[in-house]
There are 2 protein chains.
Amino acid sequence: MAATRARIAVDAMGGDHAPDEIVAGAIRASEELDVTILLVGDRQQIEQSLQHHIQSPNIEIVEADGAISMEEGITELRRKPNASINVAMDLVKQNRADAVVSAGHSGAAMAAATLRLGRIKGIDRPAIGAVFPTMLAGKSVIILDVGANVDCRPKYLEQFALMGTIYSEYVLGVEQPKVGLLNIGEESTKGNDLALQTYELLEANPKIPFIGNAEGRDVLSGRFDVIVCDGFVGNVLLKFAEAVGEILLQIMREELPQGWRGKVGSSLLKPNLKRLKQRIDHAEHGGALLFGVAGICIISHGSSQAPSIFNAIRLAKEAISHQVIDRIQADRKQTEEDGLAQSATVNSEL
Amino acid sequence: MAATRARIAVDAMGGDHAPDEIVAGAIRASEELDVTILLVGDRQQIEQSLQHHIQSPNIEIVEADGAISMEEGITELRRKPNASINVAMDLVKQNRADAVVSAGHSGAAMAAATLRLGRIKGIDRPAIGAVFPTMLAGKSVIILDVGANVDCRPKYLEQFALMGTIYSEYVLGVEQPKVGLLNIGEESTKGNDLALQTYELLEANPKIPFIGNAEGRDVLSGRFDVIVCDGFVGNVLLKFAEAVGEILLQIMREELPQGWRGKVGSSLLKPNLKRLKQRIDHAEHGGALLFGVAGICIISHGSSQAPSIFNAIRLAKEAISHQVIDRIQADRKQTEEDGLAQSATVNSEL
């Protein structure tokens, strides 16, 4: 079956290591992943980065004028309509690309996506979902929101749960995803106001495979496939988790090679330590997905280097091939129709 | 100088491994720490546990009638006035002990402390403070609140910051503690409503050495000595951090001994791995302190075994010898007087 080759717009100007590392990751993806990459940004700079690589037929350049720096943020978004992130979003809007990947200012990427692509009808707030590795090898958990919405209402979290379930089922291939609500205890009576109200909504919604509260200790246990929380808690957790992996690797680098036995032992363990690093290193797991906008957007870490960009592009490709957006739209439409049907029934009963 | 020997009431009936492991930790503390331990609980059970050990002259038994189980929680607290946790608190109230250590139901311990000892005047809400190791060897950070208050007001967090500063300075011996507000970005304009308002209070208070927002990634960096947050975020973070250490140790146990090189290497690395474990294992760092009640209470993990109980008793002893409660009381009194003086000035100006 000759499926259409996915076309992914990559913001070549976004991130601490742009454009060189972005371009390097994109090139590798174009060679290994059966995708066409549209590098969006300053043509001259991109061409310079491309010179370090063998030419790939699956790379195109789309010119943009400037970028949103980490300092500027979203205020500059409207003043720079041709900035790389805006142009990348427009490519999706115009059906010239199927997804956007950016390691630039995450707030700006989110705002650009919302402004240019719009929200999916029936979704009140877009959310950022991050995929974490769990202690069970090969099993991930998606957590949303990890930073888009610092103050949430219960129904936002309900919508996050629905979107996460679709993602878990179709993209991550989990047969019966288990959804949890991040909370401070297992009992339904535990938690702050938001958690208490959200618990009721999740429990009452037949489309959400809700199995209960997830405590901090459950996040990486593999017991849950989807965990919902407000963007404040989620962001703190995401950044803590990213750092803790690095800190542990550093403590290992400090402690393991001490003494002659340590030196010999560490050298023997090199391949095993590398595998260990891969299991706990967040960079191996690509970027975060922006849920709820009418297009696929992967938001990568600002510090992303080529391997992270490669993984983010792979994530984008998977979201495209599993039609995440269509499925969320269909679910929302269904919910709306059910709602209308229900209120029609209620009305006819009156 | 013949200082009075600290007397510490230990809830012998609280925790998953009570009373055996509690008694074992208490015995060791009574031998090594220059403290007298009052084991509170069922005399027969305690005496049975004591039989496994050499008699210590610094152990006393204080009889109590029953305990609050993990399932019962705080509702049973009033119905069981002679439960071990209530009796332990009364010992402090009656000046027969200087501190309480309990690995029982943490909510019940907090409620018992608040009901029996009362809050320190000028503190609106007690908070649980947990000491985390940081990536800098030998440097800790205290985080509060980690679970007592799920919905907080800005002034609660301001009070947490004051209490944490006193603890950091006098107990942990940090000369100029650096206080941070847990948040999702470094800028003062970042965060949810609570964070935005708390930022202003912390910045305006001359007694708080506030250096700005702490993101999730900063928690274990060693940049901060005290980090304040609401009890919901703090509890999620605490439980996540506890679990992540265990998960990492497990992944190491899975990955490191693979293959013959792995087996030889791991065996050579045994002492280094043990040191590594000590640096990341939360149990090594004792319990959490309940701040804001008129007495020293250490809340240990329900799964505590003898080493954790020993460390919790050490923590209690340090809090006693550095007069944490007196200092917080003095600070609150000073603040009140300043407030009265200020309003007197304002009144005379009217």
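In the annotation of an unreviewed UniProt entry, the entry for chain A reads Phosphate acyltransferase, and the organism field reads Rippkaea orientalis. Comment text from UniProt for chain A, heading Sequence similarities (unreviewed entry), reads "Belongs to the PlsX family."

J.: Go over unusual backbone geometry, please, and point to the residues and values.
T.: Peptide bonds are trans in most cases, and residues, glycine excluded, mostly fall at negative phi. Here Leu-144 of chain A and Asp-145 of chain A are connected by a cis peptide whose omega angle stands at 15°. The step from Ala-18 of chain B to Pro-19 of chain B runs through a cis peptide bond, and the omega angle for that step is -5°. Its place among the elements puts Pro-19 of chain B in the loop between strand E1 (6-11) and helix H1 (20-32). Even without being a glycine, Asp-34 of chain A presents a positive backbone phi close to 60°. Looking at the element boundaries, Asp-34 of chain A is found in the loop between helix H1 (20-32) and strand E2 (35-41). The partly exposed category is assigned to Asp-34 of chain A, whose relative accessible area is 46%.

J.: Tell me about the interface of chain A and chain B, and name the residues and values.
T.: Taken together, the contact pairs 51 residues of chain A with 51 residues of chain B. Roughly 5100 Å² of surface becomes buried between chain A and chain B when both sides are summed, with 70% attributable to carbon and sulfur atoms. When the area that chain A buries against chain B is broken down by residue, the three leading residues are Ile-184, Phe-232 and Phe-240 of chain A, summing to 14%. At the boundary of chain A and chain B, one finds two salt bridges. Between Lys-239 of chain A and Glu-215 of chain B there is a salt bridge, with the nearest N and O atoms lying 2.4 Å from each other. On the surface where chain A and chain B come into contact, there are 13 residue pairs in polar contact (both at pLDDT 80 or more). By residue number, the principal contributor to the side of chain A that touches chain B is helix H7 (residues 231-255) of chain A, which donates 18 residues.

J.: Summarise the domain arrangement of chain A; cite the residues concerned and give the values.
T.: Residues and elements named next belong to chain A. Domain assignment breaks chain A into domain 1 (1-123 + 292-322) and domain 2 (124-236 + 270-287). On a C-alpha basis, the centres of domain 1 and domain 2 stand 25 Å from each other. At the junction of the two partners, domain 1 supplies 18 residues and domain 2 supplies 15 residues. Between domain 1 and domain 2 lies a buried interface of about 1300 Å² when both sides are counted; carbon and sulfur atoms form 67% of it.

J.: How would you summarise the relation of the copies chain A and chain B if you had to cite specific residues and measurements?
T.: What relates the pair of chain copies is a rotation about an axis plus a shift along that axis. The transformation that overlays chain A on chain B combines an axial shift of 0.0 Å with a rotation of 180°, and the residual RMSD is 0.0 Å. With respect to symmetry, the two chain copies, as superposed, fit the operation of a two-fold axis. Taking C-alpha positions as the reference, the residue of chain A nearest the rotation axis is Gly-265 of chain A, at 1.9 Å. Most of the interface of chain A is mirrored in chain B, where 100% of its interface residues again form contacts.

J.: Describe the sheet that holds strand E11 (residues 296-299) of chain A, with residues and values.
T.: Residue and element names in this part refer to chain A. Spatial ordering of the open sheet is given by E3-E2-E1-E4-E11-E10-E5-E6-E9-E7-E8, a layout of eleven strands whose pairing is mixed. Each of the sheet's edge strands pairs with one partner strand only, and the pair in question is strand E3 (59-63) and strand E8 (210-214). Taken pair by pair, the neighbouring strands of this sheet meet at an average axis angle of 25°, ignoring direction. Those strands touched by helix H4 (residues 106-117) are strand E5 (127-133), strand E10 (288-291) and E11, and its axis lies near 170° from that of E11. Taken strand by strand, helix H6 (residues 193-204) contacts strand E7 (179-182), E8 and strand E9 (226-228), and its axis lies near 165° from that of E8.

Reading the values: the criteria
Residues numbered from 1 in each chain as written. Chains lettered and ligands numbered in written order. Predicted model: local features only at pLDDT ≥ 70, side-chain atom pairs only at ≥ 80, totals over all residues. Heavy atoms only, no water. UniProt positions renumbered as here; feature names shortened; annotations may be inferred. Helix = DSSP H or I, 4+ residues; strand = E, 2+ residues; numbered from the N terminus. Buried < 20%, exposed > 50% of the residue type's maximum accessible area, 1.4 Å probe, protein only. Contact = heavy atoms within 4.5 Å. Buried area = accessible area lost by both parts, 1.4 Å probe. Salt bridge = Lys/Arg side-chain N within 4 Å of Asp/Glu carboxyl O. Polar contact = N/O pair within 3.5 Å; in protein donor to acceptor, adjacent residues only side chain to side chain. Domains from an automatic or database assignment. Least-squares fit on C-alpha atoms with pLDDT ≥ 70 in both. Pairing = 2+ DSSP bridges. Axes fitted to C-alpha atoms, helices over the stretch in contact; angles between N-to-C directions.

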